[in-house]
Every structure is written in C-alpha cells, then in structure tokens.
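Now for the letters of each chain:
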Amino acid sequence: MFLAMSDEKVVIKSTYPFQDQGAVYLFSNENISGYLNQIGNLDGGRVLTVGASGDHAFEAYARGAARVDTFDINSAQRCVIELKNHMIRNLSYSDFMDFFFEKATFFSPDIIKPIQKNFSDGLKDFLMQYYCERGYSMFKYLGAQTGQYEMKNLSYLANQDAYQKLAAKLPETIDFKHCGIDGVSYAFQQRARYDLIMLSNIFEYLYTDKGFMQQELKIQQFYDEIMAGMADKILANNGQICFSYIWGVNPNAWANFLRYFEGRFVPATDKYRHVFRSLGFDSSHYGCDHDAVLVMKQRQR
C-alpha cells in the first residue's frame, strides 16, 4: 500500500503528492451540492468524509446529517475545518465572505478577533504561520486571487439564508482524525456505522507507482484493499461510499463501464453484495459539461 499508519502516527512515502503539514485546501472545487442532491435524504444520518476544506462536512450538515466525522492525511486541514466552523457559527455571512474572498481583507485578523479566544492552540499556531512566515504558500488555491471557486457548488456560500441555516445546525466541534485512506476502517470502527462515506478523489492518486494500469484493475484493487474493509467494518446497512470524483466526463459511459465492472469483478457473498453506479451532474469545472462521482452501495440485508 502507498503508506502506513496508526491512529497516532502517519508515515507517508515521500513520493506521495500529499504530505502532512503541507499546503491546505480552503474550499473544494467539487460540486458537492450537485452530487449530494442525488445521494438522497441525510436527515439524522451519520457521515464520514475526507476532511480537506471541511466543505464535504458542511454540506452534509446542511442536508440534515446528525453527525459528521472527518479524516485527512494532512493534519493541517484540521485547522481549516476548525476556523471555518467557528466563523460560520459565530460571524456574519459578509464577514466570512470578506475574510476568504475579498483580496483587501483576505485572512484579516480584525475579522476573526471577536472569536479568537475560542481557537485551539493548533489553530492559533496555524494562523501565526500565515501572518509571520509562510503567507500564501500555505494554500493550494486562493479564491480571492484566482476566482477558482463556483459559489453555486457549495450551498452555504450561495446566500446569507443558507449560511445562517447551516450555522444553526453545526456542532461546536467537528471530529477529525489524522490518518490516510488505508487507516480509515481501523480508526473509525469503534463507532456507530456510517450511512454515507465521501472519499473525494483520493482514488485518483493511488497506484501511480505501478505505471499504466487498466481502470477496472485499479478499481478492483481499491475495492479489495479499501472499500471491502470499509463495508465490512464501518458502513451501515444500505450505506453508500462515494469513492471517486471525476471532472469533465460522460456519465452514461461511466455507468456502462461500472455495470461491466460489477458483473466481471465484484464478488457476491451471502454477507453482502455491492452495487456500483455513476452519478452525473452539472460540472464544477469551467469548460466541461458534466462531472461524475462513482458510488459503491451496500445492499440492504
């Protein structure tokens, strides 16, 4: 596997494109809202998701999830999630948008001063790094400088009303575990099972050290090494795993491919059977017609 870990220590190969304490995502460029609209009702559900910018978690809470847990190989993403959670719950929509999307007030300490007493020591250190040392190099993308985000794809950014509704639903803290994808089943197996697991596009960064590999073999390996264990240990009955986000694709072609993959590769047992599907929706990427997310669903027992 591409890395090894425990719940307390993550060992990452130097060739892996994501490293601990590396540059962080402030927002997602996925159309999370688009595919959650097709996933179905999350009211009262439990969700596990990659941490990243926190947007997957925020969108799940906006749709009524009762609890959302997060993980990430980059422990610095914990600080982004904490910062945004404090701001959404305690600051106005205009303050939030100015802090992240206005060049003149980007990361302005004056905006967050009223709530900084609630920040963890880790978040305070993260902010100090930005102000005193690393500056813009801390971030993967800069919405204020590059305009790389489409607000419609994140429902809580769309307008003040949606933002305030999310603020009323968020807990004081969102649980975060520092681990990579192959440690998720172990790290979260002592908890109640999850109705939905969102893995963003982690799949696309795996097995790159093996040269050319047919897509069905990559999915089969990911199924054998990651998803089957998740289904067995942490996925609820009839739960779903969104295991690969893809930009600019033909959803019908992917649906046909997954039917072929399921029929040829995926084992069926008395314990569970997995159904694969492709959800297509409006693109989050300029110049592309559609994005898609690949989903593995646990059948109802």
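Everything below is about the structure shown above.
Residues numbered from 1 in each chain as written. Predicted model: local features only at pLDDT ≥ 70, side-chain atom pairs only at ≥ 80, totals over all residues. Heavy atoms only, no water.

Draft legend 1. Examining the packing of aromatic side chains more closely. Applying the stated criterion across every chain yields a total of 33 aromatic pairs. Their ring planes at 80 degrees and their centres at 5.9 Å tell us that Phe 100 and Phe 107 sit as a pair that is edge-to-face. A residue is classified by how much of its surface remains accessible, and Phe 107, at 1% relative accessible area, is buried. Between Lys 84 and the ring centre of Phe 27, over which it is positioned, the NZ or CZ distance is 3.8 Å. (Phe/Tyr/Trp six-rings, centres within 6.5 Å; stacked < 30°, edge-to-face > 60°. Buried < 20%, exposed > 50% of the residue type's maximum accessible area, 1.4 Å probe, protein only. Lys NZ or Arg CZ within 6 Å of the ring centre and 35° of its normal.)

Draft legend 2. Region of interest: helix H1 (residues 32–39). The element H1 is largely enclosed, with a buried count of six among its eight residues. Listed as buried for H1 are Ile 32, Ser 33, Gly 34, Tyr 35, Leu 36 and Ile 39. In this structure, the buried side of H1 is in contact with helix H2 (55–62), helix H8 (155–158), strand S6 (194–198), strand S7 (235–246), strand S8 (274–282) and strand S9 (290–298). (Helix = DSSP H or I, 4+ residues; strand = E, 2+ residues; numbered from the N terminus. Contact = heavy atoms within 4.5 Å.)

Draft legend 3. Focus on the pairing of S9. The buried fraction of S9 is high, at seven of nine residues. Bridge analysis of S8 against S9 gives nine bridges, and the strand direction is antiparallel. Residue pairing across strands places Asp 282 opposite His 290, the latter belonging to S9. (Pairing = 2+ DSSP bridges.)

Draft legend 4. Examining helix H4 (residues 93–101) more closely. Along H4, the residues classified as buried are Tyr 93, Phe 96, Met 97, Phe 99, Phe 100 and Phe 101. Here the buried residues of H4 occupy an arc of 160 degrees about the axis, which is enough to place them on one side. (Arc of directions from axis to C-beta.)

Draft legend 5. Molecular detail of the side chain of Asn 85. Residue placement: Asn 85 occurs in helix H3 (residues 77–90). Separated by 3.1 Å, the side chain of Asn 85 and the backbone oxygen of Glu 172 make a polar contact. (Polar contact = N/O pair within 3.5 Å; in protein donor to acceptor, adjacent residues only side chain to side chain.)

Draft legend 6. A look at the sheet that holds strand S5 (residues 176–178). Spatial strand order, S5-S4-S3-S6-S7-S9-S8: seven strands in an open sheet with mixed pairing. Bordering the open sheet on either side are S5 and S8, each of which pairs with just one other strand. Neighbour-to-neighbour, the strand axes of this sheet turn through a mean angle of 20 degrees, independent of strand direction. Judged from the six bridges that link them, S7 and S9 form a sheet pairing that is antiparallel. Note that in S9 the partner of Ile 246 across the bridge is Ala 292. Most of the contacts of helix H11 (residues 215–233) go to S7, to which it runs at about 150 degrees, and overall it touches S6, S7, S8 and S9. Across the sheet, helix H12 (residues 251–264) touches S7, S8 and S9, and the angle it forms with S8 is around 175 degrees. (Axes fitted to C-alpha atoms, helices over the stretch in contact; angles between N-to-C directions.)

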